[in-house]
Amino acid sequence: MLDFLAENNLCGQAILRIVSCGNAIIAELLRLSEFIPAVFRLKDRADQQKYGDIIFDFSYFKGPELWESKLEAKPELQDLDEEFRENNIEIVTRFYLAFQSVHKYIVDLNRYLDDLNEGVYIQQTLETVLLNEDGKQLLCEALYLYGVMLLVIDQKIEGEIRERMLVSYYRYSAARSSADSNMDDICKLLRSTGYCSQPGAKRPPNYPESYFQRVPINETFISMVIGRLRSDDIYNQVSAYPLPEHRSTALTNQAAMLYVILYFEPSILHTHQAKMREIVDKYFPDNWASITISLFLRVISIYMGITVNLADAWEPYKAAKTALNNTLDLSNVREQVKEKDQISKRLINSVTMSERVHTQVQQFLKEGYLREEMVLDNIPRLLNCLRDCNVAIRWLMLHTADLACDPNNKRLRQIKDQILTDSRYNPKILFQLLLDTAQFEFILKEMFKQMLSEKQAKWEHYKKEGSERMTELADVFSGVKPLTRVEKNENLQAWFREISKQILSLNYDDSTAAGRKTVQLIQALEEVQEFHQLESNLQVCQFLADTRKFLHQMIRTINIKEEVLITMQIVGDLSFAWQLIDSFTSIMQESIRVNPSMVTKLRATFLKLASALDLPLLRINQANSPDLLSVSQYYSGELVSYVRKVLQIIPESMFTSLLKIIKLQTHDIIEVPTRLDKDKLRDYAQLGPRYEVAKLTHAISIFTEGILMMKTTLVGIIKVDPKQLLEDGIRKELVKRVAFALHRGLIFNPRAKILGEPSELMPKLKELGAAMDGFHRSFEYIQDYVNIYGLKIWQEEVSRIINYNVEQECNNFLRTKIQDWQSMYQSTHIPIPKFTPVDESVTFIGRLCREILRITDPKMTCHIDQLNTWYDMKTHQEVTSSRLFSEIQTTLGTFGLNGLDRLLCFMIVKELQNFLSMFQKIILRDRTVQDTLKTLMNAVSPLKSIVANSNKIYFSAIAKTQKIWTTYLEAIMKVGQMQILRQQIANELNYSCRFDSKHLAAALENLNKALLADIEAHYQDPSLPYPKEDNTLLYEITAYLEAAGIHNPLNKIYITTKRLPYFPIVNFLFLIAQLPKLQYNKNLGMVCRKPADPVDWPPLVLGLLTLLKQFHSRYTEQFLALIGQFIRSTVEQCTSQKMPEMPADVVGALLFLEDYVRYTKLPRRVAEAHVPNFIFDEFRTVL
């Protein structure tokens, strides 16, 4: 008959594809459960208030039009909804596709069952498939996997979250308009069940059977599958566990399947007492408290061993509860413990040497004990020892786990406490047994693999040696070969030749016949020695003994079978402990801390866990599914993450020692001067502290040695390199500590903001700088002892921390946020920690930026451009200066300054966008203001002319628009303030780049000039080359130039703008409205006249300049022409009225033009085009 899984067997291939798909779906669900956007949980009040009106559960479907109309009524809600869609549509779609695949899975399974019933597959029916070994396995798995999917979804992705995601997907995608969409069916299947995965939560009524029955499944199929699972050992596991007391362990995976599948036919759990009694007696005679549902069956075991408490899970079902009560009786449990205690005492208590199995394992693990001959002679004994160890580990781990019983259930807690007392349970001893068993298993497997690979070669070698010995003996008895006192004997000669031929004729491929014949040959050789009195000749005896030995070796070698390895794989399954192993993490880490070489033993434990990784992929591999890579990557990645978690104790311990070293080096050890007196040598020697440093350094190198003892290991499909693990661990610990230092070091006193107290900025930066310097020095010190590139790691990780925090801070200004899983700076293995915000800023870089903006606020301070310093307007005390940016450079490095600069860019963009909306609101929608501007435009046209009666016209317009200037001034000053800060940052970056990397600075400047020259040449002659659209040169060089401070922030275009009517004249009016608030000082330039009405000149000029830069250059032309006209008209009026002095407003306007030319680096003729030279000459005499 055709093999059920053959490629041309359509029936087998169809069900195999379904089961393969089921495994891939579960992997995807587990993967996605770690990426649920926090906003869908609506846990904190802030999220509820912000998103409560746009995230809906299934109540939305009762009246979608009503909810949508509410949204449309509020433009701000629509805007938020659109932003939410842009940020979450990708992940929501991924979740929806996973949910859809669950529904498609059960639809495909139902269709397959219908096809079987309708005879689509020739000669195949449900009954014949269930008679086939592969067929019954696959059908049982198919139903089991569907049940597991539903349980995983409910446990990992809560009902409310599912509903919110499905509604969001329905609203944001084309699903509502698609005719072939099965959205309704998916929603019906995955609507909330009311189940909560929190410990102690109440279980919903009829759960999970009502959930399992949402999509009807053929009842005959369910009952036949349950029948098969009840009666058959479908995976032939019992052969691996020959002892009757191990039967429940042998059937543990089948028990997990049966536990899930029984929920598809709950009537058995409720009323079929005989069936339940049979099931409990067969599958759960000693698993009284818990069984493990490895998320897959035996064929795909290990991941996410969800522990289920039978006494709790079957509480609502009468028949199941009655059947369990038989094994749950306390006296029964005591007997169970006594029975198990015989094993647990022998196995677990390694202190008492009388415990058989653990002592045996330790005996086996002694150096040189497990030799090839010993292993081959004692295969049954070794396998029995392995079985006993693994059964004891399984039973004790499951029945002592915290997950095994609900803390609210007193009865179960009482039973568990009794178990712990009676078995004298000690987790450390159990862990030691697990380590030793894993090591024992690993050594045995490696030996067997090697013996299997060499099996035929060795067998042939022994055969050849034995045959040659017989040929030599035949020659001896021929009388040709001289051997002491051996007479010629033709009979013996012929006999030995015949034996030699018989040995050569042994066939390796027919191992059974060869084995039988070898035994007969051994007997014949023993008999010949006795009957022919050959004992008297020692040399002949030796030849016969050697030949018998070779024949014995041949029997041993032919008995090396792959079945032993398979049995070891089955017996050594640790999939049940996937979650439970985490409870041993602290014990593992403590063991490593005490003895770093423990890592080599742990390697065997990790491989024992990893061996189960082969199982989840078996069906996917058999089906040649393209999902093989992604599923294996997910599972391997999960296990590698756990390995990293355990081994992270090594970098943690190293850093603890490092901090002590740094403390000693900075506070205790005095630096030895270049010259010192002989009698002071003892004082400078400081033997105590130096010995302490040497001791700590030695401890660090021992930790390094410990982790490097773990060889490169293949965990699933991921190669784990210990050197890389160590480096990643060191990076992770560095990132954790530096990120915490930055977070804690840059938290400012909120009282300073409210009460105007002096800033803590400089002291905090100095303190943080000292901490960062400590980290830097420690890294410099450690790098040689652990063989890593300290400076490279330091720069990479610090830049990553700062860039990530800048990115998160800039998210506030972005409509489409960059999520953690999209960030190029965040990493799974070396995560940058996130901290709860302490104010409006999300991260430390935001707090630093806002503190700088607070202390340099133009309303409170005055910026003196020549000194690069800010002074308090009232007290005239220095607030801060360019030294601030040198301090930031020292503390946070170039990355910190660059990040601050990026954040300021985003803030400027936000301010400019706010300005444009404000301009629309207070100018373009105000009829009075528009009429005033229209009148003024008519009065000043043409711009080349002189305005008659200028004072009256200008000040009349200012008076009518007075109400708009306060808001306008605030916006302009904010932009100007941030531009000054950007200039200061660029200066500091450029200075440090020229000082620290002069060649880089020179190369960048030259490249920049060359590129600009080429671009200018292209615009003059378009036939010359220009970078194409897909060429990233300009984009990439900009990042370098900004990092080196080779750029002018004032030339930057921050936003795209449309034409704005009246824009030049509004800015002109604004400027002359501010001039009376300022006065000219010969030493300081333009300063504020009254501190009560604050205006700071540099932010005002730079703010206006930046604003004009965002628009077409003709607006700037008109603006400058209006200023020139104002100066000419005012001077004309003064001359006619014979006023000797130049008016203050004219001085201010001329100073603005001077500063405009200076800041923009434009030629003077730009200003002189609008103002005659003689006025500038007169103005200079005033200066």
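In this numbering scheme, every chain counts its residues from 1 along its sequence in written order. Only residues with pLDDT of at least 70 get local features here, since the model is predicted, and only at 80 or more are side-chain atom pairs given and counted; chain-wide, interface and lining totals rely on the full set of residues. The basis for every side-chain value is the complete set of non-hydrogen atoms in the structure, without hydrogens or water.

Runs of E in the DSSP output that reach at least two residues are strands. Runs of H or I that reach at least four are helices, and both are numbered from the N terminus. Across its full length, the protein chain carries 50 helices and nine strands. Radius of gyration here is computed from C-alpha atoms only, and the compact-globule reference equals 2.2 Å multiplied by the residue count raised to the power 0.38. A compact globule built from 1183 residues should have a C-alpha radius of gyration of about 32 Å, whereas the protein chain, at 42 Å, is more than 25% larger. Referenced to the eigenvectors of the C-alpha coordinate spread, the extents of the protein chain come out at roughly 150 × 90 × 70 Å. Burial classes follow relative accessibility: with a 1.4 Å probe on protein chains only, a residue under 20% of its type's maximum area counts as buried, one over 50% as exposed, and anything between as partly exposed. Looking at the protein chain as a whole, 53% of its 1183 residues are labelled buried. Throughout, a contact is declared for two residues whenever any of their heavy atoms are within 4.5 Å. Across the protein chain, contacts joining residues at least 24 apart in sequence account for 76% of those joining residues at least 6 apart. For accessible areas, the Shrake-Rupley method is used with a probe of radius 1.4 Å. Any residue's cover is judged against the shown protein chains and nothing else. Accessible area for the protein chain stands at about 56100 Å²; split by element, carbon and sulfur atoms hold 52% of it. Asp and Glu count as negative and Lys and Arg as positive, but His and the ends of the chain are not part of the count. In this description, the location of a charge corresponds to atom NZ of lysine, CZ of arginine, CG of aspartate or CD of glutamate. One finds the centroid of the 139 positive side-chain charges in the protein chain at a distance of 4 Å from the centroid of its 142 negative side-chain charges.

Take helix α41 (residues 950-960) next. Of all the positions in α41, only Ser-950, Tyr-954, Ala-957 and Ile-958 are classed as buried. Viewed along the axis of α41, the buried residues span an arc of 100°, placing them on a single side of the element. What points out from α41, more than 90 degrees from its buried face, is the exposed set Lys-952, Ala-959 and Lys-960. On its buried side, α41 packs onto α40 (927-940), α42 (965-996), α45 (1063-1074) and α47 (1113-1136). Think of it as the arc spanned by the lines of direction from the helix axis to the C-beta atoms.

Let us look at the pairing of strand β7 (residues 878-881). In this structure, strand β6 (residues 869-872) lies alongside β7, joined through three bridges in antiparallel fashion. Along β7, the bridge assignment pairs Thr-869 with Ser-881. Whether two strands pair comes down to DSSP finding at least two bridges between them.

Pairs were defined over the aromatic rings of Phe, Tyr and Trp, the Trp ring being its six-membered one, requiring ring centres within 6.5 Å. Orientation was assigned from the angle between planes: stacked under 30 degrees, edge-to-face over 60, tilted for the rest. Taken as a whole, this structure holds 48 aromatic pairs when the rule is applied. Taken together, a centroid distance of 5.2 Å and an interplanar angle of 70° make the contact between Tyr-954 and Phe-1126 edge-to-face. Of this pair, Tyr-954 sits in helix α41 while Phe-1126 sits in helix α47; the two residues are 172 residues apart in sequence, bridging distant segments of the chain. Each member of the pair, Tyr-954 together with Phe-1126, is buried. Put simply, the rings of Tyr-146, Tyr-195, Tyr-207, Tyr-211, Phe-212, Tyr-259, Tyr-263, Phe-264, Trp-314 and Tyr-317 touch in pairs and so form one group of aromatic residues. For a ring to carry a charge above it, either NZ of a lysine or CZ of an arginine must fall within 6 Å of the ring centroid while also lying within 35 degrees of the normal to the ring plane. The ring of Tyr-1159 is capped by Arg-1158, whose NZ or CZ atom sits 4.6 Å from the centre of that ring.

So, about the domain arrangement of the protein chain. Taken as a whole, the protein chain is organised into domain 1 (10-231), domain 2 (243-337), domain 3 (454-561), domain 4 (650-671 + 683-839 + 846-861) and domain 5 (912-987 + 1047-1179). Each partner contributes to the interface: domain 1 provides eight residues, whereas domain 4 provides seven residues. Here the quantity called buried area is the total loss of accessible area, with a 1.4 Å probe, experienced by two parts when brought into contact, counted for both. Across the domain 1/domain 4 interface, buried area totals approximately 740 Å², and carbon plus sulfur atoms make up 40% of it. A per-residue breakdown of the area domain 1 buries against domain 4 is headed by Glu-83, Glu-86 and Asn-87, which together make up 56% of the total. Segment limits for the domains were obtained from an automatic or database-derived domain assignment.

Our focus in this paragraph is the sheet that holds β7. If you walk across this open sheet you meet the three strands as β5-β6-β7, and the pairing is antiparallel. The open sheet is flanked by β5 (861-864) and β7, the only strands paired with a single partner. Between one strand axis and the next, the sheet turns through 25° on average, direction left out of account. To get an axis, a line is fitted to the C-alpha atoms, and for a helix only the part in contact is used. The angle between two axes follows their N-to-C directions and goes from 0 to 180 degrees.

Below, the discussion takes up a nonpolar patch on the surface. A contiguous nonpolar surface patch, about 240 Å² in accessible area, is contributed by Val-672, Leu-676 and Leu-681. You can see Leu-681 is positioned in helix α32 (residues 681-685). Only residues whose relative accessible area exceeds 30% and that form no salt bridge enter a patch; like-charged residues are grouped when within 9 Å of one another, and nonpolar side chains (Val, Leu, Ile, Met, Phe, Trp, Tyr) when within 5 Å. A pairing counts as a salt bridge when a side-chain nitrogen of Lys or Arg comes within 4 Å of a carboxyl oxygen of Asp or Glu.

Relative orientation of the contacting elements helix α39 (residues 883-924) and α40 amounts to 85°, with a least axis distance of 7 Å. Here α39 lies roughly perpendicular to α40, going by the angle between them. The residues of α40 that touch α39, namely those facing Ile-922, Ile-923 and Leu-924, are Val-929, Gln-930 and Leu-933. Charged means Asp, Glu, Lys or Arg here, nonpolar means Ala, Val, Leu, Ile, Met, Phe, Trp, Tyr, Cys or Pro, and polar covers whatever is left, Gly included. For the contact of α39 with α40, the per-class residue count stands at five nonpolar, one polar and no charged. Note that the term roughly parallel is reserved for angles under 35 degrees, roughly antiparallel for angles over 145, roughly perpendicular for angles of 65 to 115, and oblique for everything else.

Looking now at the layout of surface pockets. Estimated volume of the second largest pocket: approximately 1500 Å³. With a 1 Å grid laid over protein atoms only, a set of points is called a cavity when a 1.4 Å probe fits there but cannot get out and a pocket when it is open yet has protein on both sides within 12 Å along at least five of seven lines; lining residues have an atom within 4 Å of a point. As for the second largest pocket, its lining consists of 48 residues, of which Asn-803, Thr-894, Phe-895, Asn-898 and Ala-1043 are closest to the centre. Elements supplying a minimum of two residues to the lining of the second largest pocket: α36 (761-786), α37 (790-810), α39, α42, α43 (998-1020) and α44 (1033-1043). In terms of residues, the lining of the second largest pocket owes the most to one element, α39, which gives 16 residues. Looking at side-chain class alone, the lining of the second largest pocket contains 22 nonpolar, 15 polar and 11 charged residues. Grid points are joined across faces, edges and corners, and a volume is the space filled by probe spheres set on the points.

Turning our eyes to something else, we now look at the pattern of salt bridges. Counted under the stated rule, the structure contains 55 salt bridges. Ionic pairing is found between Arg-469 and Glu-465, a salt bridge with its closest N-O pair at 3.2 Å. With Arg-469 and Glu-465 both in helix α22 (residues 427-477) and four residues apart, the pair spans about one turn of that helix. One salt bridge in this structure joins Arg-731 and Glu-796, with 2.8 Å as the shortest N-O distance. One end of the pair, Arg-731, is in helix α34 (residues 722-745); the other, Glu-796, is in helix α37, and 65 residues separate them in sequence. Of the residues examined, Glu-796 reaches a relative accessible area of 33% and is grouped as partly exposed. It is possible to trace a salt-bridge network through shared partners that takes in Glu-727, Arg-731, Lys-792, Glu-796, Glu-797 and Arg-800.

Structurally, Asp-728 can be placed in helix α34. Once you skip the residues sitting within four places of it in the chain, Asp-728 turns out to touch Arg-644 and Ile-830.

This part takes up the nonpolar core. Grouped together as the largest cluster of nonpolar side chains are 323 residues, with contacts concentrated most on Met-276, Trp-314, Tyr-968 and Ile-1127. Ranked by residue count, the leading element in this core is α39, at 17 residues. Ignoring anything within four residues of it in the chain, the contact list for Ile-1127 reads Val-1146, Ala-1149, Leu-1150, Leu-1153, Val-1171 and Ile-1175. Side-chain atoms within 4.5 Å link the members of a nonpolar core, which is a set of buried Ala, Val, Leu, Ile, Met, Phe, Trp, Tyr and Cys residues. Among the nonpolar cores identified, the runner-up in size contains 23 residues, and Ile-503, Leu-525, Leu-544 and Phe-550 belong to it.

With respect to the helices and strands, Arg-644 occurs in helix α30 (residues 628-647). Once you skip the residues sitting within four places of it in the chain, Arg-644 turns out to touch Leu-725, Asp-728 and His-829.

Here Gly-637 is to be found in helix α30. Since its relative accessible area comes to 17%, Gly-637 is described here as buried. Along the sequence, Gly-637 and Ile-560 sit 77 residues apart, while their C-alpha atoms lie 34 Å from each other.

What follows concerns the pairing of β6. Of the pairings in the sheet, the one linking β5 to β6 comprises four bridges and is antiparallel in character. When the bridges of β6 are listed, Ile-864 appears paired with Thr-869. What sits between the antiparallel neighbours β5 and β6 is a turn of four residues, in which Asn-868 has the positive phi angle 50°. Where β6 folds back onto β7 in an antiparallel hairpin, the turn is made up of five residues, including His-876, whose phi is positive at roughly 60°.

To continue, consider the confidence of the model for the protein chain. As a per-residue measure, pLDDT reflects the predictor's confidence and takes values from 0 up to 100. Averaged over the protein chain, the pLDDT score is 84; the fraction of residues at 70 or greater is 91%. Every residue in residues 287-303 scores below 50 in pLDDT, and together they form 106 contacts with partners more than four places removed in sequence or on other chains. Under a pLDDT of 50 for its full length, residues 336-354 has, in the predicted model, 43 contacts with residues more than four places off or in other chains.

Here α36 crosses α37 at 145°, and the two axes come no closer than 8 Å. Across the interface between the two elements, Met-772, Phe-775, His-776, Phe-779 and Gln-783 of α36 pack against Gly-790, Leu-791, Ile-793, Trp-794 and Val-798 of α37. A per-class count over the contact of α36 with α37 returns seven nonpolar, three polar and no charged.

With that settled, consider unusual backbone geometry. With the exception of glycine, most residues fall at negative phi, and the peptide bonds are largely trans. Tyr-207 connects to Pro-208 through a cis peptide bond whose omega is 5°. Relative to the helices and strands, Pro-208 is located in the loop between α8 (183-190) and α9 (209-212). Omega for the bond connecting Ser-941 with Pro-942 falls within 30 degrees of zero, at -10°, which places this linkage in the cis form. Within the element layout of this structure, Pro-942 appears in the loop between α40 and α41.

Before going further, it helps to spend a moment on the state of the cysteines. Disulfide assignment relies on a single distance test, namely cysteine sulfur atoms paired within 2.5 Å. Applying the stated criterion across every chain, the model contains zero disulfides. A disulfide-free cysteine, Cys-11 has its sulfur positioned 14 Å from the sulfur of Cys-140, the nearest such atom. For Cys-11, a relative accessible area of 2% gives the class buried. By relative accessible area, which is 0% here, Cys-140 ends up buried.

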